[in-house]
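An overview of the molecular structure
As a plain string of letters, each chain reads:
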Amino acid sequence: MRNIVALGTAALFSLAGFAFPQNSEPVAGPLPARYRLRTVVLDAGHGGKDRGCAGVKAREADVALKIILALGRQIEENMPDVKVVYTRKTDVFVELADRAGIANKNNADLFISVHCNASAASANGTEVWTMGPHKTDANLTVAKRENSVILQEDNYKERYNGFDPTSPQSHILFSLYQSAHIVNSIRFAQKVDRQFRTTVGRPSRGVKQAGFLVLWKSTMPAVLIESGFLTNRQEELYLNDKTNQTYMASGIYRAFRDYKNELEATSGE
């Protein structure tokens, strides 16, 4: 922390026009290494006793896992320099705090969580979410539905600092976290949304913000992707198809590739 403060102070003095003494000798040291996106954590929402939302046949936990596994394969095959970590690779229940914990433990550079949506039978389209203040009741509704998973966890009030998934006030409070990573979270979210709309050809409901617990404690850029509505029969049929799951994963992969290349190119300037 002291080193960070010292570097920040030196940078501020430089920007403000202050100069260090002319006769001071420069301190030799290694040049800063270029940024490399080395680790991504892939999170399939729900699982095990938590099936998530459902259509006539498809279950959210199953569809999300298949998309995540397809995404992971594409990254591993095309980017051998990137470490891919999964919060789950089988049908098991993982608590929300543990999902972020896996990302933090592995010093991840990006956290991607995939889910399916539920609403009226006519609702359709993808949504890409980042942590932030919800601006509409509809945004709050999605966050409350996804956050209600913690009701299946033991001692959730203690573990989540008294968070109440039924309380709008709790969601407002937790939406304030992740502010340090919001710029890159939105940057990646916009790339995913663009790929869904253009390359994959999916209807889009845009990039949005709300207070998602699964993103709350992650100490890196993070997004939650709603791949479509299982309560819409046409979208359920689309999302429950293996080929379309691969298409969806390909869209996320291309967004990930572009995001990685952009960040690494910028850091080298």
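Please refer to the structure higher up on the page.
Treat the numbers as computed from the prediction; the structure is a model and nothing was measured.

1. Quick word on the pattern of salt bridges
Enumeration according to the criterion identifies 13 salt bridges in this entry. Linking Asp 258 and Arg 257 is a salt bridge whose minimum nitrogen-to-oxygen distance equals 3.1 Å. Given the relative accessible area of 30%, Arg 257 is considered partly exposed. Within the structure, one salt-bridge network assembled from shared partners comprises Arg 51, Asp 62 and Asp 91.

2. Observations regarding unusual backbone geometry
A positive phi is found at His 46, a non-glycine position, where the angle reads about 65 degrees. As for its placement among the helices and strands, His 46 is situated in the loop between strand 1 (39-44) and helix 2 (60-78). Taking relative accessible area as the criterion, His 46 reaches 5% and is therefore assigned buried.

3. Some words on the pairing of strand 3 (residues 110-117)
For strand 3, the tally of buried residues reaches eight of eight residues, placing the bulk of the element in the interior. Neither face of strand 3 is left uncovered, since the one carrying Leu 110, Ile 112, Val 114 and Cys 116 and the one carrying Phe 111, Ser 113, His 115 and Asn 117 both have all their residues buried. Where strand 1 and strand 3 come together, five bridges link them in parallel fashion. Bridge pairing in strand 3 links Ala 44 to Val 114. With six bridges joining them, strand 3 and strand 6 (residues 222-229) adopt parallel strand pairing. Paired with Ile 112 across the two strands is Val 223, which belongs to strand 6.

4. Some words on the side chain of Gln 245
Here Gln 245 lies in helix 10 (residues 242-267). Those residues in contact with Gln 245 that sit more than four places away from it in its chain are Lys 66, Ile 67, Leu 239 and Asn 240.

Here is what the cut-offs are and how they apply
- Residues numbered from 1 in each chain as written.
- Predicted model: local features only at pLDDT ≥ 70, side-chain atom pairs only at ≥ 80, totals over all residues.
- Heavy atoms only, no water.
- Salt bridge = Lys/Arg side-chain N within 4 Å of Asp/Glu carboxyl O.
- Buried < 20%, exposed > 50% of the residue type's maximum accessible area, 1.4 Å probe, protein only.
- Helix = DSSP H or I, 4+ residues; strand = E, 2+ residues; numbered from the N terminus.
- Pairing = 2+ DSSP bridges.
- Contact = heavy atoms within 4.5 Å.

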